[in-house]
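# Structural overview
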Amino acid sequence: MTSPLQQKIKITGPSVVTANRTFDGVVIYRTADRGWSTELANAAIVREAEPARALLAASVADDVGAVGAYIAPVKIDDTGAVVPGNLREQIRRSGVTIALPAHA
Amino acid sequence: MYAYDEIDQTLVDERVAEFRDQVQRRLSGELTEDEFKPLRLMNGVYLQLHAYMFRVAIPYGTLSSAQLRKLAHVARKYDRGYGHFTTRQNIQFNWIALKDLPDALADLAEVGIHAMQTSGNCTRNVTADQWGGVAPDEVEDPRVWAEILRQHTALHPEFSFLPRKFKFAITASDHDRAAIKVHDIGLRLIRNEQGETGFEVLVGGGLGRSPFIGKSIKPFVRGRDILSYVEAILRVYNQYGRRDNIYKARIKILVHELGIEKFAAEVEQAWQEVAEGPLTLDDEMIEDIRSRFVYPAYEKLPAMPDELRAAAGDARFEAWRRNSVAPHREPGYAIVTLSLKPVGGPPGDATADQIDAIADLADKYSFGEIRVGHEQNLALPHVARRDLPALWAALDALGVATPNVNLVSDIIACPGLDYCSLANARSIPIAQELTRRFANHETANLIGRLHVNISGCINACGHHHVGHIGILGVEKNDQEFYQITIGGRADEDARVGDLIGPAVPYAEVADVVEDIVEAYLALREKPEELFVDTVKRIGVEPFKERVYATR
C-alpha cells in the first residue's frame, strides 16, 4: 500500500489511472474517452507500461479537473468486474473501513 | 483566554480574501496544481485519499466556546458532521470540498481562527501544555510565551520557506505535558536562583523516520532574550539545513550531524548578531501580551464541597473523578479532561453535536473556555469542584466521560490508511479493537498508566516512537503489518521505544498488546510500578519471549 507518490511507475497487471476531482476532492478514474468517472467500472484498463504512461500523461495534462493522477493496480474478479488491486485503492473506492463518528 | 486585537483580525480577514481569489483562479484553470499547491498548503489544505483535508490551528490549545461552536459549524456545514483533534493542537476536517474552503475560512475568521502555517515548510502552530495558566505546578502561564512566539513567527518572511516544517512546544512544569523533547525546539519555562523567569532550550527533537530526543542547547535563556535566541537557532537552521534531501532536512538531522556542541556554537555566534537588538523583549511588551490573557474571576470555594461528598458513593462518578479530574491552582476548582477515546471510537474525533454541547458546558461550568491537548483529548480548565457531579452527568450523556484518561485505551492514533495518502496501514481500526479489548475499567485501572500510540506510517503522526507501547503500520507484500515497540515515553524522561521483534499481521496486533500487558502484570514488582518503569527495569527480552513464543 505504499503511497503511489513514493513509487516509480511499474505495471505488473491490469491498471487504471486515478486522481481526485479538483472541485471537491472526490476519487475519479480516467475513462477510455479521455474523460473522468467516479465509477471504477468505467475506467480505461491498461496492461502494459507504454499505454499506461500515455494514459497517465494525458490525464496529468487535464490539470483543471483532476489532481494528483497516478497509475493504480486493479484486478478482474471471477465475474469479470474490475475491482481495486490493493487495500489502499479499495479504501479510496469504498470509503473508510470504519463507521464515521457522525453515523456511528 | 487571549484577547486578539485589530491587527490579528485584519491579518486573518485579509488572508481569507487572498485565499478566496487563489481558489477561484485554481478552479478556473488560471492556476495549475503545481502553482496552487504551495498556496493551499499555506492555508492548511492537503489532498488526502478521499478528499481535501483542512487543518485548523488552535494556538496552544486554547479555545473559547464561541470558537468551538464555529468549529462545529464548519464540521456540520462543509464537512460530514465531525472533526478530528490532532497531536499538535489542531483540528482537521477530512471531507471538505475545495470550492467551500474560502467560505469555511471566512466563517472561522469571524471568531479569530485560521489555518495559516498548519502546513508547509514554516514554523507551525506553537503548542503548549494544555493546562497552561491553571496547573498548580507551573512556573507561570506558558501560553504567554507561546503567544509571543506565535506573533513573532506568524508569516515571518525569513522562516516561511525553511528546509522543512518546524515545531515549537512549551511547558512550564517539571512534568512535561507538552512533549517538548520531541519537537524541533522545546522550551521549558523555569525560574533561576535570582528569581528570573527564563527557558531551558532544547533543540533537535522529533519523530518520523529518524526519531531523536531533543538536546539541551542552553540551560537558561532569559525571557526577554527568548525571541532573539530562537531566531538565532532558526537562522542557523535556515542557512545550514539540507534542502537536497527531504528525509534529512529537519533540524534534528542538522543537530545530529553537526553535534550539539558545534551546533550550539553556531547558534551562539548567530545570537551575538541579534541579541540586545530589536528582538529583545522589554517588560512593557511582555506585560502587554500577558494582560491579554484574561483569567476568570474565581470565587473562594471549598476543595471538598457537599456536592462532591454526596456524589462519592457513585462508583461510576468516582471512577471518572479519579481518572479525569486534576488539581487546579485554585483549590476550589479543577481541570477536567474530556476523553475523546470512547470504546470502539476513532481517537480524537468529535461530532458537531458533541462539540456544540461541550461549548455549552464550557459556558456553564468553565467560564467559556476549552483546551485541546496533544493526547487528542479536550479539557475544561476552570470547573468549580462543586459542579463536578453535574458536569460528569452531562459529559457522560455526551459520551466524553469514558474514565480512561492515561489508561491503556486512551490511545493516540493518526488517521492512517483510512484517510491519509501517505499511510501504509490502518491505525483507527487497531485503536478501536484495543479499546474494546480493554473496555473493562477495573482491568484498565489495574494496569495503570499506559500509553498506546499508533502510526500508520513512518512519518509517525501517531507518535508511536514515544508510546509506552508503540505500534507502527508497515507494508509487506501489499498486506498490513505492524511493528511493536515498548518503553517509549514523551514526558520529561522522554525516550524512543525499543522494537520487540518482527512485525505482526493486522489480525494479531490486539493479541500482541494483550500479551505484552499480561507479561507486564506478571513481571511488575508491585502495582505501583508503571508499565514503562517495568520495561526500563527488565528490558525488552521478557516481553519479546512472551509475544513470540507462540508465533
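That block above? That's the structure.
This text gives an overview of the structure that appears in the document.

Rules used in this analysis
- Residues numbered from 1 in each chain as written.
- Chains lettered and ligands numbered in written order.
- Predicted model: local features only at pLDDT ≥ 70, side-chain atom pairs only at ≥ 80, totals over all residues.
- Heavy atoms only, no water.
- Salt bridge = Lys/Arg side-chain N within 4 Å of Asp/Glu carboxyl O.
- Helix = DSSP H or I, 4+ residues; strand = E, 2+ residues; numbered from the N terminus.
- Buried < 20%, exposed > 50% of the residue type's maximum accessible area, 1.4 Å probe, protein only.
- Contact = heavy atoms within 4.5 Å.
- Buried area = accessible area lost by both parts, 1.4 Å probe.
- Polar contact = N/O pair within 3.5 Å; in protein donor to acceptor, adjacent residues only side chain to side chain.
- Nonpolar A, V, L, I, M, F, W, Y, C, P; charged D, E, K, R; others polar.

### Regarding the pattern of salt bridges
Residue and element names in this part refer to chain B. Evaluation of the coordinates by the stated rule reveals 57 salt bridges over all chains. Note that Arg-292 and Asp-5 form a salt bridge whose closest N and O atoms lie 3.9 Å from each other. Here Arg-292 is found in the loop between α9 (283–291) and α10 (306–311), whereas its partner Asp-5 is found in the segment before α1 (6–27), with 287 residues between them in sequence. Note on Arg-292: relative accessible area 22%, which makes it partly exposed. Where salt bridges share partners, they join Glu-433, Arg-436, Arg-437, Asp-511 and Glu-514 into one cluster.

### Let's talk about the interface of chain A and chain B
Between chain A and chain B, the residue contacts involve 29 residues of the former and 38 residues of the latter. In this assembly, chain A packs against chain B so that about 2700 Å² is buried in total across both faces, 62% of it on carbon and sulfur atoms. At the junction of chain A with chain B, the criterion picks out one salt bridge. Between Arg-26 of chain B and Asp-63 of chain A there is a salt bridge, with the nearest N and O atoms lying 2.9 Å from each other. Connecting chain A to chain B are nine residue pairs in polar contact (both at pLDDT 80 or more). Elements with a minimum of two residues in the side of chain A that touches chain B: β1 (15–21), β4 (66–76) and α2 (87–94) of chain A. A total of four residues in the side of chain A that touches chain B trace back to one element, the largest contributor, which is α2 of chain A. Here the residues of the side of chain A that touches chain B sort into 14 nonpolar, 10 polar and five charged.

### Quick word on the side chain of Thr-402 of chain B
Residues and elements named next belong to chain B. If you trace the backbone, Thr-402 turns up in the loop between α13 (388–398) and β16 (412–413). On the accessibility criterion, Thr-402 (13% relative accessible area) is buried. Filtering out sequence-adjacent residues up to four positions away, Thr-402 remains in contact with Asn-323, Ser-324, Ser-339, Lys-341, Pro-342 and His-441.

Function cannot be inferred from these measures alone, as they are strictly geometric.
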